[in-house]
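# Breakdown of the fold
This is what each chain is made of:
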Amino acid sequence: MPKKSQSKTQGQVTSQIPVGSRILEALTEAEIAQLFDELFNVLSREQRESAFDQLPGDTQETLNQIIAPPQTVDQKNISKAQPASLAKLAQSWSELWGEWNQIIWQASQEEGKYIVQEVSWEEPYFDDCTFVEDLEAVAQKMKPLVKIAFENGFSNDDGFAASLLSAESEISNGIPDWMEIANGIHVEGATTSCLLEWEWLLVQSQRQDGFKLAQKIREWEEKFTDTSLDDDAVIDFFSNLPDVQKKLVLDGMTANRESKGWKYDLENTYSYWHILYMELMQQFATPEVYLSNLRATISQQWQNGLPVIEDLLTKQEYRESLIVIQETLDALLKNKQDKNPWTPENSLLFVTLGGFSYDPGNGEKQKTLLRYYQQAVRELGEIERANALEIQQIAFECCYDWSRMFKAFAEIPVSKNTQQALFTYWRESIIKRGTPYRYSDFYTNTKAVDTWWLHWLLDSITTEEKGHTWFRQQIIEWLENLPGDPAQLGREYNVIHLLTRDLTQIKYQGKSPLPKFYEVVIQSNQLSTPDDISRRMYLQEYAPPDLWERVMAYWKANLHNFVPLPEASQNSDYTKNAQWMSALKELAPENYQSLLSQWKVQHKRRSNLWKAMKNLGLT
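Residues numbered from 1 in each chain as written. Predicted model: local features only at pLDDT ≥ 70, side-chain atom pairs only at ≥ 80, totals over all residues. Heavy atoms only, no water.

## Structural notes on the overall build of the chain
Operational definition: Helix and strand definitions follow DSSP, with helices as H or I runs of at least four residues and strands as E runs of at least two, each counted in order from the N terminus. Between buried and exposed lies partly exposed: a residue is buried under 20% and exposed over 50% of the maximum accessible area for its type, with that area taken using a 1.4 Å probe on protein chains only. Contacts are assigned to residue pairs with any non-hydrogen atoms lying within 4.5 Å of each other.
Regarding its fold elements, the chain presents 34 helices and 4 strands. Per-residue burial for the chain yields a buried fraction of 42% across its 619 residues. Taking contacts inside the chain between residues at least 6 apart in sequence as the whole, the part at least 24 apart equals 67%.

## Here we look at the confidence of the model for the chain
As a general rule, the predicted coordinates of low-pLDDT regions are not to be interpreted in detail. Rules: The quantity known as pLDDT measures the predictor's confidence residue by residue, on a range of 0 to 100.
For the chain, the average pLDDT comes to 87, and 84% of its residues sit at 70 or higher. Element-level pLDDT for the chain is lowest in helix α6 (residues 73–78), with a mean of 43, against a maximum mean of 98 in helix α18 (residues 305–314). Predicted confidence is poor over residues 72–80, with pLDDT under 50, and the contacts of this stretch with residues over four places away or in other chains come to 3 contacts.

## A few points about the side chain of Arg-535
Rules: Polar contacts here mean pairs of N or O atoms no more than 3.5 Å apart (in protein, one a potential hydrogen donor and the other a potential acceptor; neighbouring residues in sequence count only if both atoms are side-chain atoms).
Assignment of secondary structure puts Arg-535 in helix α30 (residues 532–542). A polar contact is formed between the side chain of Arg-535 and the side chain of Asp-532, at a distance of 2.7 Å. Other than its neighbours up to four places away in sequence, Arg-535 contacts Trp-402, Trp-453, Leu-454, Leu-457, Leu-498, Asp-502 and Thr-529.

## Remarks on helix α28 (residues 492–508)
Quick reminder of the rule: Given a helix with a known number of residues, its expected span is that number minus one, times 1.5 Å.
Across its 17 residues, α28 extends 24 Å between first and last C-alpha, which sits within 8% of the 24 Å expected from 1.5 Å per residue. Phi turns positive one or two residues past the end of α28, at Gln-509, with a value near 50°.

## Overview of the packing of helix α23 (residues 402–411) against helix α24 (residues 416–434)
Between two packed helices, both the angle of their axes relative to each other and the distance between the axes serve to describe the pair. Note the threshold: To get an axis, a line is fitted to the C-alpha atoms, and for a helix only the part in contact is used. The angle between two axes follows their N-to-C directions and goes from 0 to 180 degrees. Orientation labels follow simple angle bins: below 35 degrees gives roughly parallel, above 145 gives roughly antiparallel, 65 to 115 gives roughly perpendicular, and whatever is left gives oblique. For a crossing to be left-handed, the near helix must be turned anticlockwise from the far one by less than a right angle; the clockwise case is right-handed. Only Asp, Glu, Lys and Arg are considered charged in this grouping, and only Ala, Val, Leu, Ile, Met, Phe, Trp, Tyr, Cys and Pro are considered nonpolar; every other residue, Gly among them, is considered polar.
The interhelical angle for the contact between α23 and α24, taken along N-to-C directions, is 165°, at an axis separation of 10 Å. Viewed along their axes, α23 and α24 adopt a mutual orientation that is roughly antiparallel. As for how α23 packs across α24, the hand of that crossing is left-handed. Counting all contacts with α23, which are made through Trp-402, Met-405, Phe-406 and Phe-409, the residues of α24 involved are Gln-419, Leu-422, Phe-423, Trp-426 and Ile-430. In terms of residue class, the contact of α23 with α24 is made up of 8 nonpolar, 1 polar and no charged.

## Section: the state of the cysteines
Our working rule: The definition used for a disulfide is geometric: two cysteine sulfur atoms within 2.5 Å.
In total, this model carries 0 disulfides according to the counting rule given. Between Cys-398, a cysteine without a disulfide, and Cys-399, which holds the nearest cysteine sulfur, the sulfur-to-sulfur distance is 9.1 Å. Note on Cys-398: relative accessible area 18%, which makes it buried.

## Observations concerning the side chain of Thr-192
Mapping Thr-192 onto the fold places it in helix α11 (residues 189–205). Here the side chain of Thr-192 touches Asp-230 through a polar contact of 3.0 Å, landing on its backbone nitrogen.

## Quick word on the pattern of salt bridges
Once their charged atoms are close, side chains differing in charge can pair, the charge on each being opposite to the other. For clarity, the threshold we go by: By convention in these notes, a salt bridge is any Lys or Arg side-chain nitrogen within 4 Å of a carboxyl oxygen on Asp or Glu.
Summed over the entire model, instances satisfying the criterion amount to 23 salt bridges. Arg-536 serves as the salt-bridge partner of Asp-502, at 2.7 Å between the closest nitrogen and oxygen. With a gap of 34 residues between them, Asp-502 in helix α28 and Arg-536 in helix α30 connect regions that are remote in the sequence. You can call Arg-536 buried: its relative accessible area is 16%. Where salt bridges share partners, they join Asp-502, Asp-531, Asp-532, Arg-535 and Arg-536 into one cluster.

## What to know about the packing of aromatic side chains
Basically, it comes down to this: In this scheme Phe, Tyr and Trp rings, the latter by its six-membered ring, pair at centre separations within 6.5 Å, and the angle between planes marks the pair as stacked below 30 degrees, edge-to-face above 60, and tilted otherwise.
For the coordinates displayed, the defined rule picks out 34 aromatic pairs. A centroid spacing of 5.2 Å and a plane angle of 85° characterise the contact between Phe-150 and Trp-198, whose relative ring orientation is edge-to-face. On the criterion of sequence distance, the pair formed by Phe-150 in helix α9 (residues 146–151) and Trp-198 in helix α11 is long-range, its members being 48 residues apart. The exposure class assigned to Phe-150 is partly exposed, which follows from its relative accessible area of 22%. For Trp-198, a relative accessible area of 6% gives the class buried.

## Digging into the nonpolar core
Note the threshold: Only buried residues count toward a nonpolar core, which is a set of Ala, Val, Leu, Ile, Met, Phe, Trp, Tyr and Cys residues joined through side-chain atoms within 4.5 Å.
Among the nonpolar cores identified, the biggest contains 169 residues, and Phe-131, Trp-426, Trp-453 and Trp-555 are the most heavily contacted of them. Filtering out sequence-adjacent residues up to four positions away, Trp-555 remains in contact with Tyr-493, Ile-496, His-497, Thr-500, Phe-517, Val-521, Ile-522, Phe-562 and Leu-587.

## Quick notes on the environment of Pro-564
By the element assignment, Pro-564 lies in the loop between α31 (547–558) and α32 (575–587). The residues touching Pro-564, leaving out its near neighbours within four places in the chain, are Lys-576, Asn-577, Trp-580 and Trp-599.

## Brief notes about helix α22 (residues 383–398)
When the terminal C-alpha atoms of α22 are compared, their 22 Å separation across 16 residues agrees well with the 22 Å that a helix rising 1.5 Å per residue should span. For α22, the set of buried residues is Ala-386, Asn-387, Ala-388, Leu-389, Ile-391, Gln-392, Gln-393, Ile-394, Ala-395, Phe-396 and Cys-398. Packing partners of the buried residues in α22 comprise α20 (349–352), α21 (364–379), α23 and α24.

## A word on a negative patch on the surface
The condition is simple: In this scheme, patches are assembled from residues that exceed 30% relative accessible area and form no salt bridge. Like charges are connected within 9 Å, while nonpolar side chains (Val, Leu, Ile, Met, Phe, Trp, Tyr) are connected within 5 Å. In short, Shrake-Rupley with a 1.4 Å probe defines the accessible areas, and a residue's cover is counted only from the protein chains shown. Neither His nor the chain ends is counted toward charge; the positive residues are Lys and Arg and the negative residues Asp and Glu. In plain terms, the charge of a residue is placed at NZ if it is Lys, CZ if Arg, CG if Asp and CD if Glu.
There is a patch of like negative charges on the surface, built from Asp-231, Asp-232, Asp-236 and Glu-279. In terms of residue count, the dominant contributor to the negative patch is helix α13 (residues 231–239) (3 residues). With respect to the helices and strands, the residue Asp-232 is situated in helix α13.

## What about unusual backbone geometry?
For Arg-207, which is not a glycine, the phi torsion comes out positive at approximately 60°. Relative to the assigned elements, Arg-207 resides in the loop between α11 and α12 (210–223). Residue class for Arg-207 comes out exposed when judged on its relative accessible area of 81%. A positive phi angle, near 55°, is found at Ser-572, a position not held by glycine. With respect to the helices and strands, Ser-572 occurs in the loop between α31 and α32.

Shown next, in the form of structure tokens:
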């Protein structure tokens, strides 16, 4: 073809392509944005309106919202979101579904992103957590678009539930046969919300109600093999439906509560359907119906007994309240009671439950139960039990405050048997919690110790004929006879260890004049016990004035026997041996030199030992 004709043909083809499309191909987004800015600066209002008239109505409206600035503060607040045309929203929706489907495709690949092998000697596994997180990130972007996408038919997708069901099949068929989705696919909040909103829009389009939505979600649950929804998101979604729809959900659940499909979920207190059912019942049913249903679940959730008891106390039905209180206690103490069932007179509930010292806010519901119990028995004239319950409540507040507990046992009027039983239970729990252990204690037949200085301290405080003098005699005699050989010492090592730490804290507030000894041997960073303050306060009061010096004299004379043996070290790591030697040198230099001389002969070929020693400045 002649060049002139060829050039003419190319010009015709180019002229057939819209200018806008050619600009999109030729310029960057930033250049196009700059072009529009310049065009709108030179075009008159009439020219803009004339151009806009050639565009679809939705596009015109979107452009007008962008160009016309808000005139008032209220309009500005309303216009915070960036306007977008339906075409743009449809494009965004399609792109997000593309991301969603790409994640599922990756998950179905035998060597895809979600097949993880952390170390070479372990088998790979399906990383359900990352898979769920990636879906959630896309769902968070899709959530604001769900309603407009459904109403405008942006895509022919069957919705999120169908997609997740299909994903289960694709993943199971794609990953190796021996690999399982071990932990399930527990989708998160935004993913669950998108699924629920899509299904609700579909139900509404079919002119059906909220209970039909609940049935549809349950149908999807039965179809899912590995997928489960986010509990809180389901409850929140149904709780935010209009009241008329929530009432229809409640009526439908009530009418079907004995049916095969609903019975298990509505009677299972851990099911979000049960939680939703009880919330709706509390809102719409009579108090009698709600409380009756709540009472039926006490054996599963002991806390459900509290509103029932409160209602009975308000009605002054004290005998009936005691029956419910016992039902609630039985549920609370399930698997925690020994041969003797718990009563307020024989043991402390706080201790029986294991204590809540790690969180001051814990135990509030248990204390409420005890308070209700006390109110009921007091009204029935059971003063002994009411007073015992007073001690029970104080234990929840102050179990590790020795002085407060001593005062409660001494001043609250209960029988001698009750006082002795509760005090003994408390004393044993304090000793058990305060007894220090080492990991080696659980793997060796180390000689146990039955009675030690914490026993003596508590007995000295609470037994008038013992007191300060008896405690001082006991602990000095014990120290004088304490073996210096670790094998003979056994678990008394733990006892002298705790005593040393407590005395150092009392005398120096933890800033020991022997820092290496304190760090290496006493290990100041070890976990403390909740009653450290009380124990040390009474130890300071009852101990002999020179007890710290006596204890350090024991360590000075015997620490060399506790230094770890180099021949027992593993993998030629002698760091611990060197650290103990640094503590020995600080505390007892003569014993250090003597042991060092032995090591130079016995372990002269252990080059790593001497490197470790040199690293700590030891020669």
